[in-house]
Amino acid sequence: MGTIIKGKEIANKYKKEISDFVENRKKEFKRVPCISTILVGNDAGSMLYAKNQKRICEQLGLKYILNTFEENTKEKEIIDNIERLNSDNNVDGIILMLPLPKHLNEKYITSKISYKKDIDGLTDINTGMFYKGEKCFIPCTPKGIVKLIESTGINIEGKNAVVVGRSNIVGKPIAHLLLNKNATVTICHSKTKNLKEVCKSADILIAAIGKPNFINEEFVKKGAVVIDVGTNRVEGKVVGDVYFEKVINKADYVTPVPGGVGAMTTTMLMLNTCEALNRNVY
Ligand code: NDP
């Protein structure tokens, strides 16, 4: 039976590092890292995520400011707010909660966030820097995944990594990070032929599909590291893309859902905010 990669415990280790950093900053410079989130309208998922951000910021000592706007707010008002936050030296990271209401141009509004405060890694400038290998904010979910893989002690270099899913927020960036770590990377998607066989070649298998229990033991090579990014709601429960109970008997390491990748994402956001404070010398 394989080992469960305990995302929550690993996240706690990073949380400790973050709260130590915050404490030092407070003592030395009388200044703690600050996140300013923009929430437009009443999207339930965004409201819950904002609440979560606030809770973790409070837990770790970061400052959290929530800027809320009515559903029918005009584009200019939101952009004015972003520009104010861009030039506010007391704000280190800006988060724009997506999706925005339909009348707003998400791409255009996102582009107004300064890349120096883009802790989510959403702007085109940050994305360009990411894929060119320049120092930038690494998107939080892929950043957390690499740390989970590294927590197993395996050396990523030279390994066959298969990523199922090619979204801009998970599949592509995690493939890029693994490539940078010298893995041999294959990206699969809904048109991939012989998916099972391709997955079976993986030393590291990442499932970012959005289909409950899709990856069972037939997709997994004995001894593989399996990372489950999926978060699917099934009968009121959160279920991953990996059939955990079957795969854990074949793989060496598997992340659970919940308590795996998801547990790392918000912590990585806090880590990016600390990096922002370090990087942006005012
Ligand atoms: P998307 O829907 O944007 O992408 C899904 C990808 O899976 C697509 O590339 C799609 O292929 C591929 N796919 C779908 N069906 C199949 C199939 N039968 N065989 C092979 N590939 C398939 O999803 P996201 O990347 O945004 O998210 C993936 C999952 O991860 C979701 O469950 C999401 O909730 C979760 N998630 C979890 C996070 C966390 O922090 N834990 C953060 C972000 C996402 P194609 O491109 O051809 O359509």
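Under an unreviewed UniProt entry, the name given to the protein chain is Bifunctional protein FolD, and the organism recorded is Clostridium acetireducens DSM 10703. As recorded by UniProt, the Pathway (unreviewed entry) comment attached to the protein chain reads in full: "One-carbon metabolism; tetrahydrofolate interconversion." Checking UniProt for the protein chain, the heading Subunit (unreviewed entry) contains the comment "Homodimer."

1. Remarks on the UniProt feature "binding site: NADP(+)" (unreviewed entry) in the protein chain
Taking the UniProt record as the reference, the feature "binding site: NADP(+)" (unreviewed entry) is found at Gly165, Arg166, Ser167 and Thr231. Topologically, Gly165 is positioned in the loop between β5 (160-164) and α7 (171-180). Apart from the residues within four sequence positions on either side, Gly165 is in contact with Gly171, Ile187, Cys188 and Ala208. Here Arg166 is to be found in the loop between β5 and α7. Assessed through its relative accessible area of 42%, Arg166 is described here as partly exposed. With residues near it in sequence (within four places) discarded, Arg166 still touches Gly171, Lys172, Ile187, Cys188, His189 and Lys191.

2. Digging into the packing of helix α1 (residues 7-29) against helix α10 (residues 261-279)
Direction vectors running N to C along α1 and α10 enclose 25 degrees, while the axes themselves pass 9 Å from each other. Relative to α10, the element α1 is oriented roughly parallel. In terms of crossing hand, the pair formed by α1 and α10 is left-handed. Of the residues in α10, those touching α1 at Gly7, Lys8, Ile10, Ala11, Tyr14, Lys15, Ile18, Phe21 and Arg25 are Ala263, Met264, Thr267, Met268, Met270, Leu271, Cys274, Leu277 and Asn278. Of the residues assigned to the contact of α1 with α10, the class counts are 12 nonpolar, three polar and three charged.

3. Let's talk about the sheet that holds strand β4 (residues 93-96)
A sheet is described by the order of its strands in space; here three strands give the open sequence β3-β2-β4, paired in parallel fashion. Single-partner strands in this sheet number two, and they are β3 (63-69) and β4. Each adjacent strand pair in this sheet contributes to an overall mean axis angle of 15 degrees, direction not counted. In terms of strand pairing, strand β2 (residues 34-40) meets β3 through seven bridges, oriented parallel.

What counts and what doesn't
Residues numbered from 1 in each chain as written. Predicted model: local features only at pLDDT ≥ 70, side-chain atom pairs only at ≥ 80, totals over all residues. Heavy atoms only, no water. UniProt positions renumbered as here; feature names shortened; annotations may be inferred. Helix = DSSP H or I, 4+ residues; strand = E, 2+ residues; numbered from the N terminus. Contact = heavy atoms within 4.5 Å. Buried < 20%, exposed > 50% of the residue type's maximum accessible area, 1.4 Å probe, protein only. Axes fitted to C-alpha atoms, helices over the stretch in contact; angles between N-to-C directions. Parallel < 35°, antiparallel > 145°, perpendicular 65-115°, else oblique. Left-handed = near helix turned anticlockwise from the far one by under 90°. Nonpolar A, V, L, I, M, F, W, Y, C, P; charged D, E, K, R; others polar. Pairing = 2+ DSSP bridges.

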